[in-house]
Amino acid sequence: MTGANTALNLTVFSVFVLLTLYIVYRASTRNVSASDYYAAGSSFTGTQNGIALSGDFLSAASFLGISGAIAVNGYDGFLYSIGWVVAWLISLMFIAERLRNTGRFTMGDVMAFRMRQRPVRAAAANSTLVISLFYMIAQMAGAGGLMALLLDVHSKLGQAVIIVVVGIVMVLYVLVGGMKGTTWVQIIKAVLLLLSVTMLTIFLIGKFGFDFSSMLDRATQRSPLGESVLAPGVRYGATGLTKLDFLSLALALVLGTAALPHVLMRFYTVPNAREARKSVVWATWMMAIFYSCTMIIGFGAMALVGTDKILDAPGGENSAAPLLAYQIGGTVLLGVVCAVAFATILAVVAGLTLTASASFAHDVYANMIKHGEAEPRDEVRVARITAVCVGVLAIAGGIAANGQNIAFLVALAFALAASANLPTLLYSMFWKRFNTRGTLWSIYGGLTSCLLLIAFSPAISGSKSSVFPDVDFAYFPLSNPGIVSIPLSFLAGFVGTVLGGDEADPEKQAEMEVRGLTGLGSNLR
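Residues numbered from 1 in each chain as written. Predicted model: local features only at pLDDT ≥ 70, side-chain atom pairs only at ≥ 80, totals over all residues. Heavy atoms only, no water.

The protein chain is annotated in an unreviewed UniProt entry as Cation/acetate symporter of Lentzea fradiae. UniProt's Subcellular location (unreviewed entry) comment on the protein chain is quoted here verbatim: "Cell membrane". You can read under Sequence similarities (unreviewed entry) in the UniProt record for the protein chain the words "Belongs to the sodium:solute symporter (SSF) (TC 2.A.21) family." (UniProt positions renumbered as here; feature names shortened; annotations may be inferred.)

Topic: the overall build of the protein chain
Helix and strand content of the protein chain: 20 helices and zero strands. For 525 residues, the compact-globule estimate of 2.2 N^0.38 gives 24 Å, and the C-alpha radius of gyration of the protein chain, at 22 Å, lies within 12% of that figure. Taken along the three principal axes of its C-alpha coordinates, the protein chain extends 65 × 55 × 40 Å. The 525 residues of the protein chain split such that 60% are buried. In the protein chain, once contacts between residues fewer than 6 apart in sequence are set aside, the share between residues at least 24 apart is 83%. If you sum the accessible surface of the protein chain, you get close to 18900 Å²; carbon and sulfur atoms cover 66% of it. (Helix = DSSP H or I, 4+ residues; strand = E, 2+ residues; numbered from the N terminus. Rg over C-alpha atoms; globule rule 2.2 N^0.38 Å. Buried < 20%, exposed > 50% of the residue type's maximum accessible area, 1.4 Å probe, protein only. Contact = heavy atoms within 4.5 Å. Areas by Shrake-Rupley, 256 points an atom, 1.4 Å probe, with all protein chains shown as cover.)

A closer look at the environment of Arg-377
Note on placement: Arg-377 falls in helix H15 (residues 376-400). Given the relative accessible area of 73%, Arg-377 is considered exposed. Considered as a pair, Arg-377 and Phe-63 are 314 residues apart in the sequence and their alpha carbons are 37 Å apart.

Looking at the pattern of salt bridges
For the coordinates displayed, the defined rule picks out four salt bridges. With a shortest N-O distance of 3.0 Å, Glu-97 and Arg-277 are connected by a salt bridge. A residue pair is termed long-range when its members are at least 10 positions apart, and Glu-97 in helix H5 (residues 75-102) and Arg-277 in helix H12 (residues 273-304) qualify at 180 residues. Taking the relative accessible area as the measure of exposure, Arg-277 reaches 31% and is therefore partly exposed. In this structure, the salt-bridge partner of Arg-381 is Asp-378, at a minimum N-O distance of 3.8 Å. Here the residue Arg-381 and the residue Asp-378 both occupy positions in helix H15, the gap between them amounting to three residues, near one helical turn. (Salt bridge = Lys/Arg side-chain N within 4 Å of Asp/Glu carboxyl O.)

Let's talk about helix H9 (residues 212-222)
Quick reminder: α-helices carry 3.6 residues per turn. Residues three or four places apart thus point the same way. The complete set of buried residues in H9 reads Met-215, Leu-216, Ala-219 and Thr-220. Down the axis of H9, the sector holding all buried residues measures 140°, keeping them to one side. Close packing links the buried residues of H9 with helix H8 (156-207) and H12. Two to three positions downstream of the cap, the backbone nitrogen of Ser-213 sits 3.1 Å from a side-chain oxygen, assigning the N-cap of H9 to Asp-211. (Arc of directions from axis to C-beta. Polar contact = N/O pair within 3.5 Å; in protein donor to acceptor, adjacent residues only side chain to side chain.)

Side note on helix H14 (residues 320-369)
For H14, built from 50 residues, the straight-helix expectation of 74 Å at 1.5 Å per residue is missed by more than 12%, its first-to-last C-alpha distance being only 48 Å. Along H14, the largest kink reaches about 140° and is centred on Gly-329. By the criterion of burial, H14 is predominantly enclosed, with 41 of the 50 residues buried. One or two positions beyond H14, positive phi appears at His-371, with a value near 55°. (Expected span 1.5 Å × (residues − 1). Bend = angle between axes of the 7 residues up to and from the residue.)

Considerations on the nonpolar core
Tyr-38, Phe-57, Phe-63, Trp-84 and Leu-99 are the most contacted members of the largest nonpolar core, which totals 162 residues. Looking at this core element by element, the count peaks at 25 residues for H14. Once you skip the residues sitting within four places of it in the chain, Phe-63 turns out to touch Leu-193, Val-197, Phe-290, Ala-321, Val-337 and Ala-341. (Core = buried A, V, L, I, M, F, W, Y, C linked by side-chain atoms within 4.5 Å.)

Quick look at unusual backbone geometry
Backbone geometry places Phe-210, a non-glycine residue, at a positive phi of 55°. Summarising the element assignment, Phe-210 is placed in the loop between H8 and H9. On the basis of relative accessible area, Phe-210 is assigned to the exposed category, the value being 61%.

A word on the environment of Phe-13
Along the polypeptide, Phe-13 turns up in helix H1 (residues 6-28). Residue Phe-13 is classed as buried on the basis of its relative accessible area of 11%. Placed 323 residues apart in sequence, Phe-13 and Val-336 show a C-alpha to C-alpha distance of 8.1 Å.

Here it is, written out as structure tokens:
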């Protein structure tokens, strides 16, 4: 029990939900075509989209999971942040411009541009749905832990009910608002989140006379690990195996960011490639500021709350930031921080739901079933039905994963994206010989190998932090499979292309290259 005023916290949360639902409803009045629903009519500026992009990316894992990981593991928890900031350079240099110029609504547009449409779009849709579900399950688990703290709900049944409510609100955002409404929610959420962590950081440092060293000294006294939390090796580096696990995690974080379907889809909401690049620059700066603040918040929680109290609270590691807010500013600041964290979950999950439903409706229904001749109204209707189905699956997964560290769960989604999507996108954009067989081998090789390695890893069984801690079938020793599955996907794409019977289409390749570099014709398809 945090001593929180449950009524006040619930009021702050309710006001945010009602306000954003009203904004989503107002934005929905302009959803008259598939382009409006999927890409907001490409009407946002680079600055707006950059803020929304950071809002889409800065998830509950970023705010709750990383601050909690730092509060418990110290320096090693901050390694997540470093990977995620550096990762945006890959998106800026290789992905953003060409993707915006080549595609229309989804990642499948780019992958299938010069390949056989049906099998490649099916593969792209499968990959998008699996990755989005992994990511959404992490967010929903975070929602359960957060609202357990906010409303002082300790029972698993009560937390499951909370997750169901979160899922319903999240689906409403997508059904009503589409991309335009979801984007405005993400912009509002990103601004609120950045203001909240900045204010919390300033208040926190002020508690120690603006002396960061004094805060770190206090943190080492409140942690059972002592001064070792200020150096690498608490979680990664004690043995050769944990060092390898960290390398695998770093690969997944750095390479996975540029291939997350919901991040890629955001590049279609701007009118041209210049604005797409501008989006990435804005998003990178906002995230650099945010992650600098989370480092201070994490060590501050260790210093003022204490590691043991954090681990014993509802939500475990994920409760570090809310508990710190209560310690500094009482129930009012706790209510504000919890509401902002909850807004973070809602906005990110809404973006993921929209991406998954758009991929199925556009890639599978419109282009595979209807052969590119679907009516826009029917396509949007299918997207909305898919959103409901995806929401149900995310709720079930969130209940199953409740209590897990969400930063760790999200890292698995990054490994899937880096394994299934990134090699295929890079080959499609930069290798002229790349063909349909190479595309399918790369997507399915990366996706299948990553899923199998996750299933037989310590993330699922064999340790206290596993999803199933009481059984052990962890035959693969690493918690994150990226170091194996990412190179395997690149290799599968190369071998599949070399052995493939179909030749690449030189005319389509030339068109894709011209469009990717210049943007000519990017609005015609």
